[in-house]
Amino acid sequence: MKRKLVMIGNGMAGVSFVEQLLKLNPGRYDVSIIGAEPHPNYNRIMLSSVLAGEAGMKDIILNDWDWYRDNGIALLAGQEAVAVDAAARTVSTNGGETLPYDELVFATGSLPFMLPLPGADKEGVIAFRDIKDCETMIETAERYRKAVVIGGGLLGLEAARGLINLGMEVGVVHNSPYLMNRQLDETASRMLQAELERQGMKFLLGKQSDFITGEERVTGLTFKDGSHEAADLIVMAVGIRPNARLAKNSGLVVNDGIVVDDYMAASLPNIHAVGECAEHRGVSYGLVAPLYEQGAVLARKLAGADGDGYQGSVVSTKLKVSGVHVFSAGRFADEPGTKALRVQDDLDGIYKKVVFENGKVVGAVLFGDTGDSSKLFSAIRGGKDYTGIEKEVLFGPSGAGGKAESATDLVAAMSGDEIVCGCNGVTKDTLVGAIAEKGCASLPELKACTKASAGCGGCKPLVEAVLSATLGADRVAAVKEGICGCTPLSRDEVVGAIRQMHLTTSKEVMHVLAWRNTEGCSKCRPALNYYLGMAFPEEHEDERESRFVNERNHANIQKDGTYSVVPRIYGGVTTPEDLMKIATVAEKYRVPLVKFTGGQRIDLLGVKKEDLPGMWKDLDMPSGYAYGKSLRTVKTCVGNTFCRFGTQDAIKMGVDLEKKFERLNTPHKVKLAVSGCPRNCAEATIKDLGVVAIDGGWELYAAGNGGTRVRAADLLTKVKTEEEVLAWTGAYLQYYRETANYMERTSEWSLRVGLETIKRALEKPEDRDALNARIDKALELTQDPWKQIIENDDLRGAFGVMTATVGAQAADGK
Amino acid sequence: MNRVVVGHISEFPARSGRVFRAGTLELAMFRLSDGTVKAVENRCPHKQGRLSEGIVCDHHVYCPLHDWKIDLHDGRVQAPDEGCVDAYPVEVDEAGNVILFLKDEVEAKVS
């Protein structure tokens, strides 16, 4: 027989507790929740976004109705608990229901504190606490103009910001001489005030409210100093206090909040309290993180699991007030015996203050840039002694003369909800959870479970650091990572087998090398197709179905399923005839967007797949391969053709390079550039291969990148003639083709194999000749894909859509 | 159930997708290596990618936009992602006609 758990309150703290309980022990309780608001659990912190019009009610729901139903929770929404009979173990509601319980949880939250001012009962005087208040404010803004917010704390400022967004004039009244005095020091507060004034907020600081004027509806607010402020709406946001009236009436011990012990037990048996309504060691918390910690403690207890009691929380505040980021934690005020490190930058509106006592960080305030917040918060909680190296806390070991922070340090300083993998939005908590609950013990497992590092891969070192920090470095399984999940074999082993056993189709490779999935996956199929074509250009028949969509359709797929078309414009040099042709085609096919690319050519975006072959035919220009793992562009500057600084003919060099190496299959895209003098206007030093003219010769730069990870290219060699530029480029590209991993840019490849290895491979003329002979063979076999498709009915047909009229008998296809 | 002859098997290159459109309905149809043809909604549940352009491995297709893997037998998205697309029965008769079966409610939607 299941035990009955009744919870009074349906807010964030309570529902989070229930979620944790269900995770730990889903079968133990029948759960009933009594919630006074007619809504499921929503994110109260986001109310200001609702007010600001940035989010609707739907967007801030944390647990929708289905969640309650799916978890078998009876939700009495819109009902209030009115009495608890602790002897009979029942709760009764104003809806006339009486619920028996085995365990009762108070999660009644808090109530806004209403100043007992004369006139506070007038129409137009409200709090800012729930959805209903938001609605009142939105309605009021439609009919009235002037609002006064009492309270210059976070809640008050959020309300004020929301009302400004709604088009009202807003004055903020605060009794202290500066804003948010509980979260900020005076300097940060003044900076905040200046920024908010710039946004149109008015402040009445150091003012004591006396009484509210008006007949039925409010007309204004009079202060103790006799001054008066007109108002059509007064929002009281001076604070909250625990909602503990029912608990008190039920016979529980209540101070400000419901008094609980370290396991969240109230003073009568089988009754507990969590969240803002509870008072633990004399403190009631109003921030989410401590409330969740309390919920976790109670969930463990009621699930029957062991665990430490709640020890109280060091609170930090990290918020965004009207677009300004602020953070504070601990004891940030200057006191006798403390020393502060301050950084103030009025130009960028940034202020940082770290307070030390006996070498330990005891508090901090950040304004404008809160990037250091997790680091500072862990420093406060960790209690490490920084005597002598205090400045490292803000400036890092490098700033204080040491070396840069490692991935391990970065990860250690991250809070749980910080995102580690930006491509797939994976947080540190998700990773830690997958390691703890799903038993992920290696990078590939973690990647398969969470998708972390499965996007651009830039976060791989961080993901690895989370793994070793969570498991301990010695427990991380050293899994040999194959080229994909289908095989444990590395790129070199696969390519070695292809060459040795003379394999010429993907099917053979997968069969001979015992692939786990008989037809591979989206990772290995394109890779094998590339390796086979590189190893045996004449025998391997290109496998179209293993090509990524862009290379199959010879156009770039866009997010809406349309494509972009980029014709070849050699060296970025065009003619009026070509431009007219492009313009005519763009008009004929109603191309929605015509744009210059970064590579000196023209992009026609938003083209339907069906229209591609027709457009190519009308354009009658070669494909620019803007979609391919291939030579993209050769960017050039004007060179000595027109430029007074030019030392060589950069345009001709660029056009010659592009004509020679276009259509080449490469492991990843390849971008080239030629600059006519060392001023380097073609930005050649961030290209896969950059050529820079000098007086009497050329410099060749290798393995630069201007994309994911910017990298300046390294000098490869200096040559005298244009023929030598072509020969070195050919040898370099072929060496890259033969030794790089599929999908590895030259910049990553060069770091992996080493620049010296590349230089050695290219230093002897006979080696360069051999590489050039092989690249020439590969180039010889290429042909323009657009022309090929236009001329081949089957290839062209695949671009069409099949249609049928449904309803007619055996409607005709195509 | 409504029978629609979509075309002939020779119009379907192996392990490649074709788009079939009728009214507002758009399906991605694939001829697998075993000769069978599969049809699913042409819309990845993630960001509406056109599945017809994905790489086909056995009875799975990988969405071309963000590499979600979808089982063509039942339309289910494979872990670690979650979701589902509608799958439609398809038969290839002895003459090589590719026949698509649409449920009646789908018919109402397209005609």
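Everything numeric here is computed off the predicted structure, so don't read it as measured data. Sequence order as written defines residue numbering, which begins from 1 separately in each chain. Chain letters and ligand numbers both follow the written order, the letters beginning at A and the numbers at 1. Local features in a predicted model are, by the rule used here, given only for residues with pLDDT of at least 70; side-chain atom pairs are given and counted only at 80 or more, and totals for whole chains, interfaces and linings are based on all residues. Calculated side-chain values reflect all of the structure's heavy atoms, with hydrogen atoms and water omitted.

Undergrad: Quick question: what am I supposed to make of the overall build of chain B here?
TA: We count a stretch as a helix when DSSP gives it H or I for four or more residues in a row; a strand needs E for two or more, and each element gets its number in order from the N terminus. Summing up its helical and strand segments, chain B has 1 helix and 10 strands in all. Start at the N end of chain B and walk to the C end: the helices and strands fall as β-β-β-β-β-β-β-β-β-β-α. Per-residue accessibility, obtained with a 1.4 Å probe over protein chains only, is compared with the maximum for each type, and a residue is labelled buried under 20%, exposed over 50%, and partly exposed between these values. Looking at the 111 residues of chain B, the share that counts as buried comes to 52%. Computed with the Shrake-Rupley method and a 1.4 Å probe, the accessible areas treat only the protein chains shown as cover for residues. Surface accessibility of chain B: about 4800 Å² in total, with carbon and sulfur atoms responsible for 45%.

Undergrad: Whenever I open this one, the pattern of salt bridges confuses me. Can you help?
TA: Oppositely charged side chains can form a pair if their charged atoms are brought close together. All names here are of chain A. Every case where a carboxyl oxygen of Asp or Glu lies within 4 Å of a side-chain nitrogen of Lys or Arg is listed as a salt bridge. Taken as a whole, this structure holds 49 salt bridges over all chains when the rule is applied. Of the charged contacts in the structure, one is a salt bridge between lysine 353 and aspartate 185, with a shortest N-O distance of 3.4 Å. Residue lysine 353 is located in strand β24 (residues 350-357), and its partner aspartate 185 is located in the loop between β11 (169-174) and α6 (186-198); the two are separated by 168 residues in the primary sequence. Across this residue pair, the class does not change: lysine 353 and aspartate 185 are buried. With a closest N to O distance of 2.9 Å, aspartate 688 and arginine 745 form a salt bridge. Of this pair, aspartate 688 sits in the loop between β33 (670-675) and β34 (689-694) while arginine 745 sits in the loop between α22 (722-739) and α23 (746-753), placing them 57 residues apart in sequence. Several salt bridges converge on common partners, so that one network encompasses Asp185, Asp334, Arg342 and Lys353.

Undergrad: Explanation requested: the environment of A:Asp714 in the structure shown.
TA: Residue and element names in this part refer to chain A. Turning to its location among the elements, aspartate 714 is positioned in strand β36 (residues 714-719). Since its relative accessible area comes to 21%, aspartate 714 is described here as partly exposed. Aspartate 714 sits 10 residues away from glycine 704 along the chain, and the two C-alpha atoms are 7.1 Å apart. Contacts are assigned to residue pairs with any non-hydrogen atoms lying within 4.5 Å of each other. Those residues in contact with aspartate 714 that sit more than four places away from it in its chain are Leu700, Tyr701, Ala702, Ser750 and Leu755. Distance and chemistry together define a polar contact, namely a pair of N or O atoms within 3.5 Å, with one atom able to donate a hydrogen and the other to accept it when in protein, and with adjacent residues in sequence counting only for side-chain atoms on both sides. Within polar-contact distance, the side chain of aspartate 714 engages the side chain of arginine 711 at 2.8 Å.

Undergrad: Would you explain the pairing of strand β1 (residues 2-8) of chain B in this entry?
TA: Across a regular strand the side chains alternate sides, sitting on one face of the sheet and then on the other. Residue and element names in this part refer to chain B. For β1, a buried count of 5 out of 7 residues is recorded, marking the element as mostly surrounded by other parts of the structure. DSSP bridges decide pairing: two strands pair if at least two such bridges lie between them. One ladder, built from 6 bridges, connects β1 with strand β10 (residues 97-102); its direction is antiparallel. Bridge pairing links valine 5 to isoleucine 99 in β10.

Undergrad: Could you clarify how one ought to interpret the nonpolar core in this entry?
TA: Side chains of nonpolar character tend, in soluble globular proteins, to be buried together. Counting 49 residues, the largest nonpolar core has A:Ile8, A:Phe17, A:Val18, A:Val91, A:Leu104, A:Phe106 and A:Ile258 as its most contacted members. Non-local contacts of A:Phe106, meaning those with residues more than four positions away in its chain, are made with A:Ile8, A:Val84, A:Leu246, A:Ala247, A:Ser250, A:Leu252, A:Ile258, A:Ile271, A:His272, A:Ala273, A:Val274 and A:Cys277. Within this scheme, the nonpolar core is defined by two criteria: the residues are buried Ala, Val, Leu, Ile, Met, Phe, Trp, Tyr or Cys, and they are joined through side-chain atoms within 4.5 Å.

Undergrad: When you look at the confidence of the model for chain A in this model, what are you seeing that I'm missing?
TA: The predicted coordinates of low-pLDDT regions are not to be read in fine detail. Residues and elements named next belong to chain A. Each residue carries a pLDDT score, the predictor's own confidence in it, on a scale running from 0 to 100. Summarising the model, chain A shows a mean pLDDT of 88, and 96% of its residues fall at 70 or more. Across chain A, the element-wise mean pLDDT spans from 69 in helix α10 (residues 392-399) up to 97 in β33. Residue range residues 399-404 is modelled with pLDDT below 50. Its contacts to residues more than four positions away, or to other chains, number 5 contacts. In the model, residues 807-814 has pLDDT below 50 throughout and makes 18 contacts with residues more than four positions away in sequence or in other chains.

Undergrad: Which parts of the structure should I look at to understand the sheet that holds strand β9 (residues 90-92) of chain B?
TA: The pairing of strands in a sheet happens through backbone hydrogen bonds and is either parallel or antiparallel. All names here are of chain B. Read from one edge to the other, the open sheet built from 3 strands follows the order β1-β10-β9, with strand pairing classed as antiparallel. Only two strands of the sheet have a single partner each, and these edge strands are β1 and β9. The average undirected angle you get between the axes of adjacent strands in this sheet is 25°. Fitted lines through C-alpha atoms give the axes, limited to the stretch in contact for helices. The angle between two N-to-C directions lies from 0 to 180 degrees.

Undergrad: Can you walk me through the packing of aromatic side chains in this structure?
TA: Here the distance between the centres and the angle between the planes together describe a pair of aromatic rings. Residues and elements named next belong to chain A. In this analysis, rings of Phe, Tyr and Trp, with Trp reduced to its six-membered ring, are considered paired at centre separations within 6.5 Å, and the interplanar angle assigns stacked below 30 degrees, edge-to-face beyond 60, and tilted for intermediate values. Going through the model one piece at a time under the given rule, you end up with 10 aromatic pairs over all chains. The structure contains a cluster of three or more aromatic residues connected by ring pairs, namely Tyr732, Tyr735, Tyr736 and Trp749. In our convention, an over-ring charge means Lys NZ or Arg CZ found within 6 Å of a ring centre and within 35 degrees of that ring's normal. When the ring centre of tyrosine 144 is taken as origin, the NZ or CZ atom of arginine 217, which lies over that ring, is 4.0 Å away. Over the aromatic face of phenylalanine 799 sits the side chain of lysine 609, whose NZ or CZ is 5.8 Å from the ring centroid.

Undergrad: Please clarify how unusual backbone geometry should be interpreted in this entry.
TA: For residues besides glycine, phi is generally negative; the peptide bonds are generally trans as well. Between B:Ala79 and the following residue, B:Pro80, the backbone shows a cis peptide bond with an omega angle of 5°. Following the sequence through the fold, B:Pro80 ends up in the loop between β7 (69-71) and β8 (87-88). One non-glycine residue with positive phi stands out, namely A:Asn358, at about 50°. Owing to a relative accessible area of 66%, A:Asn358 belongs among the exposed residues under this scheme. Positive phi values are uncommon outside glycine, yet B:Asp58 reaches one of about 50°.

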